[in-house]
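Structural overview
Below are the chains, spelled out letter by letter.
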Amino acid sequence: MGILGKGGCRICLSPPDIAADWQSRLISEMRRKAIHLSGLSVPLSLLLIGRGFAIGFVALALAVSLILEWQRLKGRIRLPEVRAQEEHKVASFIYYIAGCLFCLIFLPEMIAVNAVLLLSLGDTISGLAGSVLANADVRGRRVLWGCKPLSIIAIMFSGCLLIGYLASGITRLSFPIYLAGAAAATAADGVCIIINGMVLDDNFSIPVFSGLVMAVVAAAL
């Protein structure tokens with residue numbers, strides 16, 4: 001067995017090396033997703049303090065992050081857990097915050113809560129699974145409509161459906177609504193979409209697409 005190294009060359013690994021590689025990738029992904037989970041502050045602030053405060057809080061976070069990202073791209077500072085492929089382009093955390101802000105501004109409150117939970121928790125589940133399974137990085141391969149393995153899609157959908165069910169005690173969203181949200185979030189996570197040569201970041205598409213789909217289903221019921 002082996003993995004692909006730089007330049008697409010296959011590097012053969014022994015079973016202990018493969019296990020060590022999996023462990024390294026899993027630990028690295030866990031560090032990134034620990035930061036990812038900070039997004040839980042968005043639905044909490046919306047529920048506990050209100051939409052106005054939550055929008056201001058996230059807008060301020062986006063403004064500060066844009067300044068930091070500008071400095072990073074200029075080479076003046078380094079930020080933790082930025083992926084190697086993001087070294088010379090806008091990092092995923094900008095899209096993450098922008099997606100949360102979109103939901104807060106344009107979606108009904110409880111749908112926004114569920115959409116951000118699907119991002120912060122659902123994408124964490126998918127990312128951890130993808131760190132130890134092969135062919136999970138569809139966006140890194142930059143293949144239009146490329147899909148993640150069925151196992152990761154199933155894990156993501158099951159996780160998002162469970163999140164919607166558990167959150168429904170607070171959001172009061174019906175089963176068809178959070179089912180549609182789980183399906184939309186899974187599609188946004190699992191399929192690579194390229195627009196004008198740029199890969200659509202799932203940290204933006206997961207909350208926005210799932211939120212809009214839930215809003216449409218809610219309006220239709």
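Going by the structure above, here's the rest.
Now for a description of the structure that goes with this document. These figures come from a predicted structure and were not determined experimentally. (Residues numbered from 1 in each chain as written. Predicted model: local features only at pLDDT ≥ 70, side-chain atom pairs only at ≥ 80, totals over all residues. Heavy atoms only, no water.)

1. Notes on the overall build of the protein chain
Scanning the protein chain from terminus to terminus reveals nine helices and four strands. For the protein chain, the proportion of its 221 residues judged to be buried stands at 40%. The long-range fraction of contacts in the protein chain, counting pairs at least 24 apart against all pairs at least 6 apart in sequence, stands at 70%. Total accessible area on the protein chain is roughly 11800 Å²; 70% of this is exposed by carbon and sulfur atoms. (Helix = DSSP H or I, 4+ residues; strand = E, 2+ residues; numbered from the N terminus. Buried < 20%, exposed > 50% of the residue type's maximum accessible area, 1.4 Å probe, protein only. Contact = heavy atoms within 4.5 Å. Areas by Shrake-Rupley, 256 points an atom, 1.4 Å probe, with all protein chains shown as cover.)

2. A word on the packing of helix H7 (residues 150-171) against helix H8 (residues 175-190)
At a minimum axis distance of 9 Å, the contact between H7 and H8 shows a crossing angle of 145 degrees. Regarding H7 and H8, the two cross each other, and that crossing is right-handed. Contact residues: H7 offers Ile153, Met156, Phe157, Cys160, Leu161, Gly164, Tyr165 and Ser168, while H8 offers Phe175, Tyr178, Leu179, Ala182, Ala183, Ala185, Thr186 and Asp189. The residue makeup of the contact of H7 with H8, split by class, is twelve nonpolar, three polar and one charged. (Axes fitted to C-alpha atoms, helices over the stretch in contact; angles between N-to-C directions. Left-handed = near helix turned anticlockwise from the far one by under 90°. Nonpolar A, V, L, I, M, F, W, Y, C, P; charged D, E, K, R; others polar.)

3. Brief notes about the pattern of salt bridges
What the rule picks out here adds up to three salt bridges. A salt bridge links Arg72 to Glu69; its shortest N-O distance comes to 2.6 Å. Of the two residues, Arg72 and Glu69 are both situated in helix H3 (residues 51-73); the distance of three residues between them amounts to about one turn of the helix. For Glu69, a relative accessible area of 3% puts it in the buried group. (Salt bridge = Lys/Arg side-chain N within 4 Å of Asp/Glu carboxyl O.)

4. Considerations on a nonpolar patch on the surface
Taken together, the side chains of Leu44, Leu47, Leu48, Ile49, Phe53, Phe57 and Ile170 define a hydrophobic patch exposed on the protein surface, amounting to about 720 Å² of accessible area. Every element with two or more residues in the nonpolar patch is listed here: helix H2 (41-48) and H3. Top element by residues in the nonpolar patch is H2. It accounts for three residues. As for its position among the elements, Phe57 is in helix H3. (Patch = residues over 30% accessible without salt bridge, like charges linked within 9 Å, V, L, I, M, F, W, Y side chains within 5 Å.)

5. Section: the side chain of Asn114
Tracing the chain through its elements places Asn114 in helix H5 (residues 109-130). Residue Asn114 is classed as buried on the basis of its relative accessible area, which comes to 0%. For Asn114, the contacting residues outside a window of four places in its chain are Ile163, Gly164, Ala167, Leu173, Tyr178 and Met214.

Any link to function would need more than the numbers given here.
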